[in-house]
Amino acid sequence: MENQDINEESINNQEETNIQNEAVSEDNVTGKPSAEELLAEEKDRYIRLYAEFENYKKRTSKEKMEFFQYANQDMMVSMLGVLDDFERALKEIAKNGNPSDLQGVELIYNKFKSKLTEKGLKAMEVNPGDSFNVDFHEAITQIPAPSEDLKGKIVDVIETGYTLGDKVIRFAKVVTGN
């Protein structure tokens, strides 16, 4: 009798397990996404991938443009010393040289400067009395201001600053008043 009771219990347990497994398998069947849901999911994935690729193209084209714009920056910075030497030579020749020498050096200087300007080099306009701006100026030293209106302002320009496009490649070296 006991064996029969145990057998009946195991049969009942098996039937309950089968019923639960069928319920779970029915849930799995209804849990599969429909074709429309799969299509919407793939469409969303495609749109995101397309947008990401468009952003990549924009970013790389911007980087390429910046590279070409500033590719000659090192060359321009090295030419600034030559430009400064020309300016100093012009001042000295104007003081005590002959006019024909001055005219020849001025022609070469103007041609050199125009070629650099064609490539995007611009001299910064800095005058005594302008406000000091750390984004464009480098203070070499401070001196007592000759007048009250020059306190905290530029008193003298030691070296001209230059920009290449919108980027400062050499800060203007100035003396400020305190």
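Refer to the structure above for everything that follows.
Below you will find a few notes about this structure. Keep in mind that this is a model prediction, so the values were computed, not measured.

Moving on: the overall build of the protein chain. Looking only at helices and strands, one finds 4 helices and 6 strands in the protein chain. Secondary structure of the protein chain in N-to-C order comes out as α-α-α-α-β-β-β-β-β-β. A separation threshold of at least 6 residues defines the contact pool for the protein chain, and within that pool the share at least 24 residues apart is 64%. Total accessible area on the protein chain is roughly 13700 Å²; 53% of this is exposed by carbon and sulfur atoms.

Now for the layout of surface pockets. As a volume, the largest pocket reaches approximately 300 Å³. Along its surface, the largest pocket is lined by D84, E87, R88, K91, Y109, K113, V157, I158, E159 and T160. Within the residue set of the lining of the largest pocket, elements represented by two or more residues are α3 (73-96), α4 (99-118) and β3 (154-159).

A cluster of nonpolar side chains, contributed by Y46, I47 and Y50, occupies part of the molecular surface with about 360 Å² of accessible area. Among the secondary structure elements, Y46 is positioned in helix α2 (residues 35-70). Y46 gets classed as exposed once you look at its relative accessible area, which sits at 54%.

Before going further, it helps to examine the environment of G120. Mapping G120 onto the fold places it in the loop between α4 and β1 (121-123). Separated by 50 residues in the primary sequence, G120 and Y70 have C-alpha atoms spaced 9.4 Å apart. In contact with G120, other than residues within four places in its own chain, are T163, L164 and G165.

A separate point is the sheet that holds β1. With antiparallel pairing, the 3 strands of this open sheet are ordered in space as β1-β4-β5. Edge positions in the sheet fall to β1 and β5 (167-170), since each has one partner strand and no second. Mean inter-strand twist for the sheet, computed between neighbouring axes without regard to direction, equals 35 degrees. Looking at chain direction, β1 and strand β4 (residues 162-164) are connected through 3 bridges and run antiparallel. Note on β4: the bridge partner recorded for K122 is T163. Against the sheet, α3 contacts β1, β4 and β5, and its axis sits at roughly 50 degrees relative to β5.

Our focus in this paragraph is the environment of S61. Along the chain, S61 falls in helix α2. Polar contacts involving the side chain of S61 include one to the main-chain carbonyl oxygen of K58, which spans 3.0 Å.

Cut-offs applied
Residues numbered from 1 in each chain as written. Predicted model: local features only at pLDDT ≥ 70, side-chain atom pairs only at ≥ 80, totals over all residues. Heavy atoms only, no water. Helix = DSSP H or I, 4+ residues; strand = E, 2+ residues; numbered from the N terminus. Contact = heavy atoms within 4.5 Å. Areas by Shrake-Rupley, 256 points an atom, 1.4 Å probe, with all protein chains shown as cover. 1 Å grid on protein atoms, 1.4 Å probe; cavity = no way out; pocket = protein on both sides within 12 Å on 5 of 7 lines; lining within 4 Å. Points joined across faces, edges and corners; volume = space filled by probe spheres on them. Patch = residues over 30% accessible without salt bridge, like charges linked within 9 Å, V, L, I, M, F, W, Y side chains within 5 Å. Salt bridge = Lys/Arg side-chain N within 4 Å of Asp/Glu carboxyl O. Buried < 20%, exposed > 50% of the residue type's maximum accessible area, 1.4 Å probe, protein only. Pairing = 2+ DSSP bridges. Axes fitted to C-alpha atoms, helices over the stretch in contact; angles between N-to-C directions. Polar contact = N/O pair within 3.5 Å; in protein donor to acceptor, adjacent residues only side chain to side chain.

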